[in-house]
Each structure stands twice: as C-alpha cells, then as structure tokens.
Amino acid sequence: MSADAAGDAGTGAFHDRLRAFEGKTAGPAEVAPDEVNQAMIRHMCEALGDENPVYVDPEAAARSVHGEVVAPPTMLQVWTMRGLRPRPPDDGGNARDDLYAMLDDAGFTGVVATDCRQTYHREVHLGDRLRVVTTVESVSPEKHTALGIGHFVTTRMSYLDAADEPVGDMLFRVLKFRPGTGRVAPSGTGSA
Amino acid sequence: MTVPTTSPRHADVQVGDALPELEVPITRTLIVAGAIASRDYQDVHHDPDLAREHGSPDIFMNILTTNGLVGRFVTDWAGPDAVLRAVSIRLGVPNYPGDTMVLSGRVTEKTDAVVTVEVTGANSKGNHVTGSVDVELPGAVR
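Scoring rules and cut-offs
- Residues numbered from 1 in each chain as written.
- Chains lettered and ligands numbered in written order.
- Predicted model: local features only at pLDDT ≥ 70, side-chain atom pairs only at ≥ 80, totals over all residues.
- Heavy atoms only, no water.
- Helix = DSSP H or I, 4+ residues; strand = E, 2+ residues; numbered from the N terminus.
- Buried < 20%, exposed > 50% of the residue type's maximum accessible area, 1.4 Å probe, protein only.
- Lys, Arg positive; Asp, Glu negative; His and termini not counted.
- Salt bridge = Lys/Arg side-chain N within 4 Å of Asp/Glu carboxyl O.
- Polar contact = N/O pair within 3.5 Å; in protein donor to acceptor, adjacent residues only side chain to side chain.
- Contact = heavy atoms within 4.5 Å.
- Buried area = accessible area lost by both parts, 1.4 Å probe.
- pLDDT = per-residue confidence, 0-100.
- Phe/Tyr/Trp six-rings, centres within 6.5 Å; stacked < 30°, edge-to-face > 60°.
- Lys NZ or Arg CZ within 6 Å of the ring centre and 35° of its normal.

1. Description of the side chain of Arg 39 of chain B
Reasoning step 1: With respect to the helices, strands and loops of the structure, Arg 39 of chain B is situated in the loop between helix H1 (28-37) and helix H2 (48-53).
Reasoning step 2: This buried residue, Arg 39 of chain B, is left without a salt bridge; Asp 34 of chain A holds the nearest opposite charge, at 5.3 Å.
Reasoning step 3: A distance of 3.2 Å separates the side chain of Arg 39 of chain B from the backbone oxygen of Met 81 of chain A, its partner in a polar contact.
Reasoning step 4: Sequence-distant contacts of Arg 39 of chain B, that is, excluding residues within four places in its chain, are made with Pro 33, Met 40, Val 78, Met 81, Arg 82 and Gly 83 of chain A.

2. Details of the pattern of salt bridges
Reasoning step 1: Using the criterion set out here, one finds 16 salt bridges over all chains in the structure.
Reasoning step 2: We note a salt bridge from Arg 173 of chain A to Asp 115 of chain A, for which the minimum N-O separation is 3.5 Å. Here Arg 173 of chain A is found in strand S6 (residues 166-177), whereas its partner Asp 115 of chain A is found in strand S2 (residues 110-120), with 58 residues between them in sequence.
Reasoning step 3: Overall, the relative accessible area of 16% leaves Arg 173 of chain A in the buried class.
Reasoning step 4: As a salt-bridge pair, Arg 28 of chain B and Asp 58 of chain B come within 2.7 Å of each other at their nearest N and O atoms. Of this pair, Arg 28 of chain B sits in helix H1 while Asp 58 of chain B sits in the loop between H2 and helix H3 (63-78), and the two are 30 residues apart along the sequence.
Reasoning step 5: If you follow the salt bridges from partner to partner, you end up with Glu 30, Arg 82, Arg 96 and Asp 97 of chain A in one network.

3. Details of the interface of chain B and chain A
By convention, interface size is frequently given as the accessible area that disappears when the constituent parts associate.
Reasoning step 1: Contact residues are listed per partner, giving 44 residues for chain B and 42 residues for chain A.
Reasoning step 2: Here chain B packs against chain A, burying approximately 3,500 Å² in sum over the two surfaces, 57% of which is carbon and sulfur.
Reasoning step 3: Interface area lost by chain B to chain A is led by Arg 39, Ile 63 and Leu 64 of chain B, which between them contribute 17%.
Reasoning step 4: Scanning the region where chain B abuts chain A turns up one salt bridge.
Reasoning step 5: Asp 115 of chain A is the salt-bridge partner of Arg 90 of chain B, the closest N and O atoms lying 2.6 Å from each other.
Reasoning step 6: In this assembly, chain B and chain A are joined by twelve residue pairs in polar contact (both at pLDDT 80 or more).
Reasoning step 7: Breaking the side of chain B that touches chain A down by element, the ones donating at least two residues are H1, H3 and strand S2 (83-91) of chain B.

4. A closer look at the environment of Arg 178 of chain A
All names here are of chain A.
Reasoning step 1: Tracing the backbone shows Arg 178 in the segment after S6.
Reasoning step 2: Residue Arg 178 is classed as partly exposed on the basis of its relative accessible area, which comes to 25%.
Reasoning step 3: Sequence separation between Arg 178 and Gly 110 is 68 residues, and the spatial gap between their C-alpha atoms is 5.9 Å.
Reasoning step 4: Dropping the residues within four chain positions of it, Arg 178 is found in contact with Ala 9, Ala 106, Gly 107, Phe 108, Gly 148 and Ile 149.
Reasoning step 5: A polar contact is formed between the side chain of Arg 178 and the backbone oxygen of Ala 106, at a distance of 2.9 Å.

5. Considerations on the confidence of the model for chain A
All names here are of chain A.
Reasoning step 1: Per-residue confidence for chain A averages 90 on the pLDDT scale, and 89% of its residues sit at or above 70.
Reasoning step 2: Note on residues 1-5: pLDDT under 50 across the span, and eleven contacts to partners over four residues away in sequence or across chains.
Reasoning step 3: Predicted confidence is poor over residues 185-192, with pLDDT under 50, and the contacts of this stretch with residues over four places away or in other chains come to 36 contacts.

6. Brief notes about the environment of Glu 21 of chain B
All names here are of chain B.
Reasoning step 1: On the secondary structure map, Glu 21 appears in the segment before strand S1 (22-25).
Reasoning step 2: Each C-alpha atom, one on Glu 21 and one on Val 102, is 6.7 Å from the other, the two residues being 81 residues apart in sequence.
Reasoning step 3: Not counting chain neighbours up to four residues away, the residues in contact with Glu 21 comprise Phe 73, Val 102, Leu 103 and Ser 104.

7. Some points on the side chain of Asp 40 of chain B
Residue and element names in this part refer to chain B.
Reasoning step 1: Structurally, Asp 40 can be placed in the loop between H1 and H2.
Reasoning step 2: Buried within the structure, Asp 40 lacks any salt-bridge partner; Arg 39 is the closest side chain of opposite charge, at an N-O distance of 10 Å.
Reasoning step 3: Polar side-chain contacts of Asp 40 include one of 3.2 Å to the backbone nitrogen of Gln 42.

8. What about the packing of aromatic side chains?
Reasoning step 1: With the rule as written, the count across this model stands at two aromatic pairs over all chains.
Reasoning step 2: Between Phe 14 of chain A and Phe 108 of chain A, the ring centres sit 6.1 Å apart and the planes meet at 20°, which makes this aromatic pair stacked. In this pair, Phe 14 of chain A sits in helix H2 (residues 12-19) while Phe 108 of chain A sits in the loop between helix H5 (95-105) and S2, placing the two residues 94 residues apart along the sequence.
Reasoning step 3: On the basis of relative accessible area, Phe 108 of chain A is assigned to the buried category, the value being 0%.
Reasoning step 4: With 6.5 Å between their ring centres and 85° between their planes, Phe 60 of chain B and Tyr 96 of chain B make a pair best called edge-to-face. Within this pair, whereas Phe 60 of chain B is found in the loop between H2 and H3, its partner Tyr 96 of chain B is found in the loop between S2 and strand S3 (100-110), the two being separated by 36 residues in sequence. The pair Phe 60 of chain B / Tyr 96 of chain B is uniform in exposure class, with both members buried.
Reasoning step 5: Across the ring face of Phe 21 of chain A, the terminal group of Lys 24 of chain A is positioned such that the distance to the ring centre comes to 5.4 Å.

The structure is reproduced here in structure tokens:
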C-alpha cells in the first residue's frame, strides 16, 4: 500500500483520481488466444448441463435456424479471458489494470462481480477469432456495502471479429472492496 | 430437463407465460468445471483453503457460469430455433457447494422481434441471480 494511494482514500480527492479513468479505453484490443472452437464449447456445455444440440451437433445445427454450429452466446466473455498465466499487454499500458492497481494500493483488494449485461449482434461460429476493446465507464463514490467499503467499477466491452465487425457488447460491474469492513462475513473476494 | 426438439412460435408465446423451473444442484464439480471451462482461474472458484483465507466460507460459483446457466434455462424452454439477443444479470448471494439453485422465469414483454423473460435464480440464502433475457423465436420479425 503506497502512502500516496492510502492517504486520500475515502476522500473526494481519491474519488477524483479514480474518476480520471472514466472514458478511457483500457488499451489496444485484446485478441482471443484461440479461435472459437468445438472443444471449448463442449467443455462449457458439459459443465452447464446444456444439451442444446446446435452447440455441438453439426447436423442438428444445419437443420436449425442457426444453419451451422454456434457457440452459446453467453460464452462471449470466455473467448478473450486471459487464463491461468496471463501475459501483460504488449505495450504495457492498460487503464483498467492501472485503475484496479490504484484501488488495490488503497486497500480495496477484494473484488466481486455484481452485474453482467450482454447484447449479441450476431451469432458466434467455429473459427471466429474475437477481440475485445474495454472502456472504463464509471467509478462510484465510496459505498458501504454488505461485503465491505468499496467502489463499484463499471466497464464496457466491445467484442469484434477479425474484420472489426461488432459481435457483441458487454457491461461488466465489479465491487472493489476492503476485506473485513462489511456488515456480514465476506462471501468472497474473487473476481467474476 | 432436456431441450425440446422444436421451439415455441413467437405468436404462441404470451406475456405472463411461465417457463418450466430448472433445479440446479450446486455441486463442487459444477462450480469448478464451470470456472475452468470459462477460463476463470481465480482461486476462490476452485480452492477451498484459499477461498477461506480470502474470507469466504467455501468456493463459490463464478459469474460466467451463472450467466451460462441463465442462458441454458431459457433455451431449455425456447429450443434449438431460438436466438438469444441479450442476457442481463445481477448477482446477489453466492452459490456455495451443497446448495440448490432453482431458476424460474416468466415472459414479461413482447415486441414484434423478441420476447423478454425475467429470470430469478434462488438458493437457500436468497436470490443468487436476477435478470432478463431477450430471445428471438420462430415467426418473429427479424
């Protein structure tokens, strides 16, 4: 925890520094490590118990309105997840990472996802290579929540295909909170 | 339940229609398999010891799995010719191992293009998820 970051937490000045990230694009588009593929779709459908044949059966998909195998739309976020051993962005700068680091430094180390709103512009097919552009939309003033004292951070993701055509949009909100400051035992500190 | 072989027609679905409930046992396997299949390796979704160190009583379901279950709940009803247009969820209490979540839903809006289903997933502690899903059914105006 840096003295600078901790010194003004809880003040309007700290919130002003957080709000300086609002409207900033996180960095260059992050490209999915893999094309949309049958194996990852199958693993997700098995986990969820989703037996919709259009996700795994080419013949059933061809008979359906989809025409070919499609990924479950709710997997939109999965394709660009950084994974177990994330690499830092190539050019070093990422506004969302910097914002989270500023909150971590001020003691708001807990993170829990609270909202996810996805809109799908087209279906996702095998072989699609998605990329995501992330923008910091807003950072709330300090809030007292059941989990603890924290700030809600709202980001917007725009998912594009290899031709830079829009595939879907997502609004994602997390609570960055100070563990142990809640009214109830924290139910978790992990992201997403 | 399994997915129906045909989808309901847009014209046959009315505001107020209830979807069949889906009871989801929240097993450790579901939480871990969902987290890993969604490439979410946060320890609170697979390691009970580290989850406790972070102040959580146990591992808990990640939001990507919840999102997937909400989508499945709607397409289990809407069938293979349905196209999801939007899924919007807000999380409440966590899904811990050993609990059961019951997903229920009702059609609350209908336009020429989509029907909107309001969804609630409740476990023994309260509502784990509330949200809405826009789905395009056969016969809708594209």
